[in-house]
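# Coordinate inspection notes
Chain by chain, the residues:
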Amino acid sequence: QPTRQRLMEMGFSAAEVDQAIQITGDRYEAACAWLLGDRRGNQGGEVLGVLQVDPEQLPQIQASLANPNVLQALQAVVD
């Protein structure tokens, strides 16, 4: 089934589903996680992976990016 249909069958509105699909690149699992998680970062932030985040609201993200282990884990996810 297409991602949009599957998410709408879960009870999310069309607008929510369309936004989740856009933010996550139409990946079902990522869209599902976004819909079920914290969506505060969906306005005015940068797209980082599957989540849209405002780095000013989450300074721990900036700090963690200086950690080589975090960078290595992110690279493994991207690959």
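Going by the structure above, here's the rest.
Below is a summary of the structure that appears in this document. On a predicted model such as this, the values are computed, not experimentally measured, just so you know.

## Regarding the overall build of the chain
Tallying secondary structure elements over the chain gives five helices and two strands in all. Put simply, the chain runs from its N terminus to its C terminus through helices and strands in the order α-α-α-β-β-α-α. Pairs at least 24 residues apart make up 18% of the contacts formed inside the chain by residues separated by at least 6 positions. Put simply, the chain shows about 5,500 Å² of open surface, and 53% of that area lies on carbon and sulfur atoms.

## Topic: the packing of aromatic side chains
On inspection of all chains with the given rule, the structure shows zero aromatic pairs. Here the basic side chain of arginine 6 rests over the ring of tyrosine 28, its NZ or CZ set 3.6 Å away from the ring centre.

## Quick word on the pattern of salt bridges
Enumeration according to the criterion identifies one salt bridge in this entry. The partner of arginine 4 in a salt bridge is aspartate 18, and the shortest N-O contact between them spans 2.7 Å. Taken together, the residues span a long stretch of sequence, with arginine 4 in helix α1 (residues 3–9) and aspartate 18 in helix α2 (residues 14–24) at a distance of 14 residues. Assessed through its relative accessible area of 35%, aspartate 18 is described here as partly exposed.

The rules behind these values
Residues numbered from 1 in each chain as written. Predicted model: local features only at pLDDT ≥ 70, side-chain atom pairs only at ≥ 80, totals over all residues. Heavy atoms only, no water. Helix = DSSP H or I, 4+ residues; strand = E, 2+ residues; numbered from the N terminus. Contact = heavy atoms within 4.5 Å. Areas by Shrake-Rupley, 256 points an atom, 1.4 Å probe, with all protein chains shown as cover. Phe/Tyr/Trp six-rings, centres within 6.5 Å; stacked < 30°, edge-to-face > 60°. Lys NZ or Arg CZ within 6 Å of the ring centre and 35° of its normal. Salt bridge = Lys/Arg side-chain N within 4 Å of Asp/Glu carboxyl O. Buried < 20%, exposed > 50% of the residue type's maximum accessible area, 1.4 Å probe, protein only.

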